[in-house]
Amino acid sequence: MTISHAPPDLAAGLEKTPASGSRTSPDLEPIVPASVRRARLRSVPRWLRRTVGPLLLLALWQVFSATGVLHPDVLASPGTIARAGGDLIADETLPAAMGVSLQRVAVGLVLGGVVGTALALVSGLSRLGEDLVDATVQMLRTVPWVGLIPLFIIWLGIGEAPKVALIALGVAFHLYLNVYAGIRGVNAQLIEAGESLGLNRWGLVRHVVLPGALPGAMTGLRYSLATAWLALVFGESINADAGIGFLMNQAREFFRTDVIVVCLVVYAFLGLTADVIVRTLERLLLQWRPTFTGQ
């Protein structure tokens, strides 16, 4: 609460000042409530607040590079990386590599999404399906999927198939776990309410179970996208002749840290873009679910 007027007795005491030897009256400072201070911080655009950390890190990076703390052979400066990125874009090397990597992620995401979601539906909607599917999937998901690269090379060769299969495997496990948990997390009272309204089994699945499992499915999709980009990094180390990983391997052989960082930034940008798309889709599909958004 802001003090706009002093109390009457205090004001009278301040007006009665002796002619000589008087002390100067203290200045009254307004008290700004914490809620007002938080409101002022909220008035700053969110995008501006979210860029403070990255910009500060970028500035420190540039300072360390300019002062010689970071040697170019260890990590190139932001300016050098920006120039390398501009050169890769100008000669169309980077756009072509991005196109190849995006195609691999898209194919693996679709295949893994279909398999993982189908298995989760079979296991989540039926006790018999759970008995037949869940134990096998739980056993396989504990195996490090990156360690399957040698087997994929033996089974599928060194072309595009092992790269796509590695991505699809990582995606399938994440979607299976989250969709299955979402189905089994549906409130049983909602099922009883649907049955009392005369819904058959398909009606319960369509109008009750699947909408209730949708939040878990969207969470699984976000995890799956992150895993897809991680699997792509490992997959493109399998005798790749195109893609972002191929550029990184070439840059590693010639100690081009600027090109390596450019590829890492592209990976991060593509992953962030995919996450933003999924979060937007989540807000559109889950408008019926009130959530806490922070204070």
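Our structure's up above, just so we're on the same page.
Draft legend 1. Looking closely at the packing of helix α6 (residues 93-125) against helix α7 (residues 127-141). Two numbers describe how α6 lies on α7: the axes approach to 6 Å, and their chain directions differ by 130 degrees. What the angle tells us is that α6 and α7 run oblique. For the pair α6 and α7, the crossing hand works out as left-handed. For the pair α6 and α7, contact is made by Leu119, Val122, Ser123 and Leu125 and by Arg127, Gly129, Glu130, Val133, Asp134 and Val137, respectively. In terms of residue class, the contact of α6 with α7 is built from five nonpolar, two polar and three charged.

Draft legend 2. Region of the structure containing the packing of aromatic side chains. Scanning the entire structure with this criterion turns up two aromatic pairs. Between Tyr176 and Tyr180 the ring centres are 5.8 Å apart and the planes differ by 5 degrees, which places this aromatic pair in the stacked class. One end of the pair is Tyr176 and the other is Tyr180, both in helix α9 (residues 161-184) and four residues apart, which spans about a single turn. Residue class for Tyr176 comes out buried when judged on its relative accessible area of 1%. The exposure class of Tyr180 is buried, given its relative accessible area of 15%.

Draft legend 3. Here's a closer look at unusual backbone geometry. With a phi angle near 65 degrees, Glu92 is a residue other than glycine that sits in the positive phi range. Structurally, Glu92 is set in the loop between α5 (78-90) and α6. Positive phi values are uncommon outside glycine, yet Phe255 reaches one of about 55 degrees. Here Phe255 lies in the loop between α12 (244-253) and α13 (257-285).

Draft legend 4. Layout of a nonpolar patch on the surface. Among the surface-exposed residues, Leu56, Leu60, Val63, Phe64 and Val69 lie close enough to one another that they form a single nonpolar patch of about 460 Å² accessible area. Within the secondary structure, Val63 sits in helix α4 (residues 52-66).

Draft legend 5. Layout of the pattern of salt bridges. Tallying each qualifying case throughout the model produces five salt bridges. Across the pair Arg104 and Glu160 runs a salt bridge, and its minimum N-O distance is 2.8 Å. Taken together, the residues Arg104 in helix α6 and Glu160 in the loop between α8 (149-156) and α9 connect sequence positions 56 residues apart. By relative accessible area, which is 3% here, Arg104 ends up buried. Across the pair Asp258 and Arg256 runs a salt bridge whose closest N-O atoms are separated by 3.0 Å. On the basis of relative accessibility, which here comes to 8%, the residue Asp258 falls in the buried class. The structure contains a network of salt bridges with shared partners spanning Arg104, Glu160 and Glu236.

Draft legend 6. Representation of the environment of Ile183 in the model. With respect to the helices and strands, the residue Ile183 is situated in helix α9. Note: C-alpha distance between Ile183 and Leu210 (27 residues apart in sequence) is 7.0 Å.

Draft legend 7. Fine view of a positive patch on the surface. Taken together, Arg46, Arg49, Arg50, Arg279 and Arg283 make up a surface patch of like positive charges. With three residues, the single largest contributor to the positive patch is helix α3 (residues 46-50). You can see Arg49 is positioned in helix α3. Classification of Arg49 as partly exposed rests on a relative accessible area of 37%.

Definitions and limits used
- Residues numbered from 1 in each chain as written.
- Predicted model: local features only at pLDDT ≥ 70, side-chain atom pairs only at ≥ 80, totals over all residues.
- Heavy atoms only, no water.
- Axes fitted to C-alpha atoms, helices over the stretch in contact; angles between N-to-C directions.
- Helix = DSSP H or I, 4+ residues; strand = E, 2+ residues; numbered from the N terminus.
- Parallel < 35°, antiparallel > 145°, perpendicular 65-115°, else oblique.
- Left-handed = near helix turned anticlockwise from the far one by under 90°.
- Contact = heavy atoms within 4.5 Å.
- Nonpolar A, V, L, I, M, F, W, Y, C, P; charged D, E, K, R; others polar.
- Phe/Tyr/Trp six-rings, centres within 6.5 Å; stacked < 30°, edge-to-face > 60°.
- Buried < 20%, exposed > 50% of the residue type's maximum accessible area, 1.4 Å probe, protein only.
- Patch = residues over 30% accessible without salt bridge, like charges linked within 9 Å, V, L, I, M, F, W, Y side chains within 5 Å.
- Areas by Shrake-Rupley, 256 points an atom, 1.4 Å probe, with all protein chains shown as cover.
- Salt bridge = Lys/Arg side-chain N within 4 Å of Asp/Glu carboxyl O.
- Lys, Arg positive; Asp, Glu negative; His and termini not counted.
- Charge placed at Lys NZ, Arg CZ, Asp CG, Glu CD.

Coordinates in, geometry out; function isn't part of it.
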